[in-house]
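Below, each chain spelled out in residue letters.
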Amino acid sequence: MRKFITDYVENCPECNRFKASNQKSAGLLQTPVSSQRFETLTIHILGLLPESKNGKKWIFIVEDYTTKWVELFALPSATAKECARTLLDEALLRYGIP
């Protein structure tokens, strides 16, 4: 009887027309497309790590979204000023502003 009901519901035109879908609708998220290198940079902070011999506890990560180029910088502290200075001196002034 269960198989009969399942087959009936699967093949019934009215059941298929009015049955609610169990799948979620497609989202509105769209992936941005970069047209050139260094147009979009992502930055991340990794830490608090065990202190190194030089007193560094944090890793500052800079990645180019288009080329997936990654550069890592060890930092003694993860303050906004320290991160901004590292981004400016080590990435933007060396490779140019996106």
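Summarised in this report is the structure supplied together with it. This one's a predicted model, so the numbers in the text were calculated from it and none came from an experiment.

Attention now moves to the overall build of the protein. Secondary structure summary: the protein contains 3 helices and 3 strands in total. Relative to its length of 98 residues, the protein is extended, with a C-alpha radius of gyration of 26 Å against a globular reference of 13 Å. Overall, the C-alpha framework of the protein stretches about 75 × 35 × 20 Å when taken along its three principal axes. In the protein, which comprises 98 residues, the proportion classed as buried is 16%. Taking contacts inside the protein between residues at least 6 apart in sequence as the whole, the part at least 24 apart equals 28%. Between the centroid of the 13 positive side chains of the protein and the centroid of its 11 negative side chains there is a distance of 4 Å.

In this fold, Glu71 is placed in strand S3 (residues 70–75). In this view, Glu71 contacts Phe60, Ile61, Val62, Glu90, Arg94 and Tyr95; residues no more than four positions away in its chain are not counted.

Another point: the sheet that holds S3. Strand pairing within a sheet occurs via backbone hydrogen bonds; the two strands may be parallel or antiparallel. With antiparallel pairing, 3 strands are arranged side by side in an open sheet as S1-S2-S3. Edge strands, defined here as strands with exactly one partner in the open sheet, are strand S1 (41–46) and S3. In this sheet, neighbouring strand axes are inclined to one another by 20° on average, regardless of whether the strands run parallel or antiparallel. Examined bridge by bridge, strand S2 (residues 58–64) and S3 share 6 bridges and lie antiparallel to one another. What sits directly across from Ile61, in S3, is Leu72. Sheet contacts for helix H3 (residues 80–95): S1, S2 and S3; angle to S3, the most-contacted strand, approximately 140°.

Calculation criteria
Residues numbered from 1 in each chain as written. Predicted model: local features only at pLDDT ≥ 70, side-chain atom pairs only at ≥ 80, totals over all residues. Heavy atoms only, no water. Helix = DSSP H or I, 4+ residues; strand = E, 2+ residues; numbered from the N terminus. Rg over C-alpha atoms; globule rule 2.2 N^0.38 Å. Buried < 20%, exposed > 50% of the residue type's maximum accessible area, 1.4 Å probe, protein only. Contact = heavy atoms within 4.5 Å. Lys, Arg positive; Asp, Glu negative; His and termini not counted. Charge placed at Lys NZ, Arg CZ, Asp CG, Glu CD. Pairing = 2+ DSSP bridges. Axes fitted to C-alpha atoms, helices over the stretch in contact; angles between N-to-C directions.

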